[in-house]
Amino acid sequence: QVQLVESGGGLVQAGGSLRLSCAGSGLTFSSYNMGWFRQAPGKEREFVATISMSTGNTAYADSAKGRFTISRSNAKDTVYLQMNSLKPEDTAVYYCAVRVRTRSAYDYWGQGTQVTVSS
C-alpha cells in the first residue's frame, strides 16, 4: 500500500525554522509529483509547494515564496519542506501528498503534522 509518513512538525517561535519530512513507500515516487498543503483552524486547505520528483522542478504559493523551500531526497522517495522566517500565520496542519498525473488531483495523502508558530 502507498504510505506517506510525515515528521518534523512542532512548536517554534516566530522567526524560527522547521524542516518537515515526508517519506514515501509503496510507490515509485520518482515518477510523480509531490507537494505540501496546509490547513489552519477554520480555514480551507491551501497549497504550499510542489516538486517534480523526476525533474526537481518546483512551484510555490505566494505565501511560501522566499521563505519555504521544497526539495527531494537523492533516492527520490522523500520530500522535504524547509520553512524559514516562520510567522504565526504559518500555524497549521501540514500535509504531504503525491499525484500520479500532472493536471490531476493529488492521489495520496499523509496524516498531517502540526506546525505551531508562537509570537
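Figured I'd write up the structure that's included with this text. In this convention, every chain numbers its residues from 1, walking through the sequence in written order. Since the coordinates come from a predicted model, pLDDT governs what is reported: local features require at least 70, and pairs of side-chain atoms require 80 or more to be given and counted, while whole-chain, interface and lining totals use all residues. As a convention, hydrogens and water are excluded, and side-chain values are obtained from all of the structure's heavy atoms.

**Considerations on the side chain of D90**
Line of reasoning, step 1. Each helix is a run of H or I in the DSSP string that is no shorter than four residues. Each strand is a run of E no shorter than two, and both are numbered from the N terminus. As for its placement among the helices and strands, D90 is situated in the loop between β8 (78-83) and β9 (92-99).
Line of reasoning, step 2. On the basis of relative accessibility, which here comes to 0%, the residue D90 falls in the buried class.
Line of reasoning, step 3. The definition of a polar contact used here is a pair of N or O atoms within 3.5 Å, where within protein one atom must be able to donate a hydrogen and the other to accept one, and adjacent residues in sequence count solely through side-chain atom pairs. Here the side chain of D90 touches R67 through a polar contact of 2.7 Å, side chain to side chain.
Line of reasoning, step 4. When sequence neighbours within four positions are dropped, the list of residues in contact with D90 reads R38, R67, F68, S85, V115 and V117. The cut-offs for exposure are 20% and 50% of the maximum accessible area for each residue type, with area from a 1.4 Å probe on protein chains only; residues under the lower value are buried, those over the upper are exposed, and the others partly exposed. A contact between two residues is defined here by any heavy atoms of the two lying within 4.5 Å.

**Here we look at the environment of E46**
Line of reasoning, step 1. Residue position: E46 is located in strand β5 (residues 46-52).
Line of reasoning, step 2. Placed 49 residues apart in sequence, E46 and Y95 show a C-alpha to C-alpha distance of 9.9 Å.
Line of reasoning, step 3. Beyond its immediate chain neighbours, meaning those up to four positions away, E46 contacts F37 and R38.
Line of reasoning, step 4. In this structure the side chain of E46 is engaged in a polar contact, spanning 2.6 Å, whose partner is the side chain of R38.

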